[in-house]
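Single-letter residue listing:
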Number of protein chains: 2
Amino acid sequence: MTIDGRIARGDRTRAAVLDRAVARATEDGLDGLSLGQLATDLGVSKSGLFAHWRSKEDLQLATVERAQEQFLEQVVRPALTAPRGVRRLWALHDRRIAFYETDLLPGGCFFAKVQFEFSVRPGVVRDRLATTFTLWSDFVDNLARLAVHEGDLRADTDTRQLAYELESFALTAVMQSRLLSPEIAYRYARRAARDRLRTLATDPDLLPEDSA
Amino acid sequence: MTIDGRIARGDRTRAAVLDRAVARATEDGLDGLSLGQLATDLGVSKSGLFAHWRSKEDLQLATVERAQEQFLEQVVRPALTAPRGVRRLWALHDRRIAFYETDLLPGGCFFAKVQFEFSVRPGVVRDRLATTFTLWSDFVDNLARLAVHEGDLRADTDTRQLAYELESFALTAVMQSRLLSPEIAYRYARRAARDRLRTLATDPDLLPEDSA
DNA sequence: AATATTTACGATCGGTCGGTCGGTTTATTC
DNA sequence: GAATAAACCGACCGACCGATCGTAAATATT
């Protein structure tokens, strides 16, 4: 046990490992993740990892959970401070598609990468990813419902459908930005979301102009 | 050399290997693709593969090309027989999102899987994938331009943007169908595309009703 | 200071990977 | 039927993988 208020050594190690694991898995995937490389990166021994996690799959699961935490901290929570209504919805989408290409996480989108990696392989990791996806989708859905309630979106808006479409634009932007050009991909993703939100908005002028 | 009209032995082997490679890579990725497993599946020797391709990367490239051929043969070409105008555009999208979940290619979408796998890794394979993507995107763009010319879509339609959005819906459907539920994912993808096409169509009734 | 416990390490295991090599089989040509 | 060349195979290599184990160092408790 440890003294209250003081962080245990093991906890610090675990945190460092998982942060690094998220970064590496974003590039190489959760399967391509090499425990030896991961340990070398951090200057620790590979065998030490097995003291914290029983198997590679356990570490993969923990990595997914850590990535989810990062996402909630750095994307979801800041978006809650945005104005309100459809503007908040827009801010959330905009922050999301920009999130994975800037200084925050320059390696790309962890979830886009990993979701496709495990989409065809049943197991605990895939189940965990599905949970993450549902959680995010529900969050967007709730924000959209709120926007409807606040009068920014039309009353007959299918908020679940809207959440799906915003997800689609973000997902494609992440892929295209690497495969082709980030500028083009972002312009498409932003415009698509803005146009969609405008068609559902009670007042189209609530959304910013096309600043491409 | 071989007698005319008769297929060389090596050609048949190459074709069989690549077809199998596309299937396996769709599940495990192009990196996760094991040459030993691939050879065992086909009842050939692993070393024999190196007689046809110099390295694994060479085989990966050939696999991408084969997948593109399959896509052109089974998705693009049949769609050209569809009526015309916006209906043809719709038929193409519909066929595409259904393509990867039916008996045609039950393993999922090869390109969705592989594009994310190589989106962060520069190299010849990624360049080849970008080519494939551009080719597909241009094709949809051209069909959309044609639909404009035929009077089905509004004259001010941004066909390139439309191609991007249709791509987004298909991409997300492929991922969601595995991660969550195929039925739901397809309903979303179909509805999103239909709604989008309706907003751009000169006559919304050209598109079928929501048959969900 | 002595003890107990967590944490980390080096060495090593069995297994799989991509790739090589020498030799054998198969099909075609003369 | 001999000669030729493409196609193919089994055995093997070094490198790397995830995982195990006994032990040493660091920390906490007494």
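Residues numbered from 1 in each chain as written. Chains lettered and ligands numbered in written order. Predicted model: local features only at pLDDT ≥ 70, side-chain atom pairs only at ≥ 80, totals over all residues. Heavy atoms only, no water.

As recorded by an unreviewed UniProt entry, chain A carries the name DNA-binding transcriptional regulator, AcrR family and is attributed to Asanoa hainanensis.

**Student:** I'd love a proper account of the overall build of chain A, names of residues and values included.
**Tutor:** When helices and strands are tallied, chain A shows 9 helices and 0 strands. Secondary structure elements in chain A, listed N-terminal to C-terminal, are α-α-α-α-α-α-α-α-α. In chain A, buried positions account for 51% of the 212 residues. Partitioning the contacts of chain A with sequence separation of at least 6, the portion at a separation of at least 24 is 65%. Within the structure as shown, chain A displays about 9800 Å² of accessible surface, and the carbon and sulfur contribution to it stands at 51%. (Helix = DSSP H or I, 4+ residues; strand = E, 2+ residues; numbered from the N terminus. Buried < 20%, exposed > 50% of the residue type's maximum accessible area, 1.4 Å probe, protein only. Contact = heavy atoms within 4.5 Å. Areas by Shrake-Rupley, 256 points an atom, 1.4 Å probe, with all protein chains shown as cover.)

**Student:** Explain the interface of chain A and chain B residue by residue, including any values.
**Tutor:** Contacts between the two partners involve 39 residues from chain A and, on the opposite side, 39 residues from chain B. Sorting the residues of chain A by area buried against chain B places F116(A), Y164(A) and L179(A) first, and these three jointly supply 21% of that buried surface. Our count for the chain A to chain B interface comes out at 4 salt bridges. In this structure, the salt-bridge partner of D195(A) is R196(B), at a minimum N-O distance of 3.9 Å. (Buried area = accessible area lost by both parts, 1.4 Å probe. Salt bridge = Lys/Arg side-chain N within 4 Å of Asp/Glu carboxyl O.)

**Student:** Now, about the protein's contact with DNA strand D: what can you tell me, with residues and values included?
**Tutor:** DNA strand D sits among 19 residues. The nearest are K56(A), T13(B), S45(B), S47(B) and H52(B). Within 4 Å of the protein, the atoms of DNA strand D are drawn from sugar and phosphate moieties in a proportion of 63%. Contact between DNA strand D and L33(A): a phosphate oxygen at 3.0 Å from a main-chain N or O atom of the residue. Take K46(A): an N or O atom from its side chain is 2.9 Å from a base nitrogen of DNA strand D. Of all the elements in the fold, those that place two or more residues in the surface near DNA strand D are α2 (35-42) and α3 (46-52) of chain A together with α1 (9-32) and α3 (46-52) of chain B. Its residues assigned to classes, the surface near DNA strand D shows 5 nonpolar, 10 polar and 4 charged. (Near = heavy atom within 4 Å. Polar contact = N/O pair within 3.5 Å; in protein donor to acceptor, adjacent residues only side chain to side chain. Nonpolar A, V, L, I, M, F, W, Y, C, P; charged D, E, K, R; others polar.)

**Student:** Describe in detail the UniProt feature "DNA-binding region" (unreviewed entry) in chain A, supporting the description with residues and values.
**Tutor:** As recorded in UniProt, the sites labelled "DNA-binding region" (unreviewed entry) are residues 34-53 of chain A. Taken as a whole, residues 34-53 of chain A contains 75% helix and 0% strand, while its terminal C-alpha atoms sit 14 Å from one another. (UniProt positions renumbered as here; feature names shortened; annotations may be inferred.)

**Student:** So, the relation of the copies chain A and chain B: which residues are in play, and what are the values?
**Tutor:** Mapping one chain copy onto the other needs a rotation about an axis and a shift along that axis. By a simple turn and slide, chain A fits onto chain B: the slide is 0.0 Å along the axis, the RMSD is 0.0 Å, and the turn is 180°. In the structure described here, the two chain copies are related by an operation that fits a two-fold rotation axis. The position closest to the rotation axis in chain A is occupied by the C-alpha of S168(A), lying 2.6 Å away. By residue overlap, the copies meet face to face through one surface: 100% of the interface positions of chain A are interface positions in chain B. (Least-squares fit on C-alpha atoms with pLDDT ≥ 70 in both.)

**Student:** Describe in detail the UniProt feature "domain: HTH tetR-type" (unreviewed entry) in chain A, supporting the description with residues and values.
**Tutor:** Those places that UniProt annotates as "domain: HTH tetR-type" (unreviewed entry) correspond, in this numbering, to residues 11-71 of chain A. With 87% helix and 0% strand, residues 11-71 of chain A has end C-alpha atoms that lie 20 Å from one another.

**Student:** Pulling in residues and values, what's your account of the packing of helix α5 (residues 85-99) of chain A against helix α8 (residues 159-179) of chain A?
**Tutor:** Residue and element names in this part refer to chain A. Packing of α5 against α8 brings their axes to within 10 Å, and their N-to-C directions diverge by 25°. Here α5 lies roughly parallel to α8, going by the angle between them. Seen from above, α5 lies across α8 with right-handed handedness. Touching L89, H93, R96 and I97 of α5 are L162, L166, E167, F169 and A170, all from α8. Residue composition of the contact of α5 with α8, grouped by class: 6 nonpolar, 1 polar and 2 charged. (Axes fitted to C-alpha atoms, helices over the stretch in contact; angles between N-to-C directions. Parallel < 35°, antiparallel > 145°, perpendicular 65-115°, else oblique. Left-handed = near helix turned anticlockwise from the far one by under 90°.)

**Student:** Which residues make up the pattern of salt bridges, and what values go with them?
**Tutor:** Inspection of the entire model under this criterion finds 44 salt bridges over all chains. As a salt-bridge pair, D152(B) and R84(B) come within 3.8 Å of each other at their nearest N and O atoms. Linking D152(B) in the loop between α7 (124-149) and α8 (159-179) with R84(B) in the loop between α4 (56-79) and α5 (85-99), this pair joins segments that are 68 residues apart in sequence. Looking at R84(B), the relative accessible area reads 37%, which means it is partly exposed. Linked by salt bridges that have partners in common, D158(A), E165(A), R196(A), R191(B), R194(B) and D195(B) make up one network.

**Student:** Any chance you could break down the packing of α8(A) against helix α9 (residues 182-200) of chain B for me, citing the residues and the numbers?
**Tutor:** Relative orientation of the contacting elements α8(A) and α9(B) amounts to 85°, with a least axis distance of 10 Å. For the element pair α8(A) / α9(B), the angle class is roughly perpendicular. Here α8(A) contributes R160(A), Q161(A), Y164(A) and E165(A) to the contact with α9(B), which in turn contributes A185(B), Y188(B), A189(B), R191(B) and A192(B). Among the residues forming the contact of α8(A) with α9(B), the class breakdown is 5 nonpolar, 1 polar and 3 charged.

**Student:** Tell me about the side chain of S137(B), and please be specific about residues and values.
**Tutor:** All names here are of chain B. Tracing the chain through its elements places S137 in helix α7. In this structure S137 comes out as buried when scored by relative accessible area, which is 12%. Discounting residues that sit within four places of it in the chain, S137 has contacts with R160 and A163.

**Student:** Now, about the environment of A155(A): what can you tell me, with residues and values included?
**Tutor:** All names here are of chain A. In this fold, A155 is placed in the loop between α7 (124-149) and α8. Residue A155 is classed as exposed on the basis of its relative accessible area, which comes to 74%. Residues A155 and A201, spaced 46 residues apart in sequence, show a C-alpha to C-alpha distance of 9.5 Å.

**Student:** Which residues make up the packing of aromatic side chains, and what values go with them?
**Tutor:** Centre-to-centre distance and the angle between the planes together describe a pair of aromatic rings. Under the criterion given, the structure shown has 12 aromatic pairs over all chains. Taken together, a centroid distance of 5.0 Å and an interplanar angle of 25° make the contact between Y164(A) and Y188(B) stacked. Remark: Y188(B) occurs in helix α9 and Y164(A) occurs in helix α8; the pair is interchain, linking two chains. The interplanar angle of 75° and the centroid separation of 4.8 Å between the aromatic rings of F71(B) and W136(B) together place this pair among those described as edge-to-face. With F71(B) in helix α4 and W136(B) in helix α7, this pair connects stretches of sequence that are 65 residues apart. Residue classification places F71(B) among the buried positions, given a relative accessible area of 7%. W136(B) gets classed as buried once you look at its relative accessible area, which sits at 9%. An aromatic cluster of three or more residues is present, and its members are F71(A), F110(A), F111(A), W136(A) and F139(A). (Phe/Tyr/Trp six-rings, centres within 6.5 Å; stacked < 30°, edge-to-face > 60°.)

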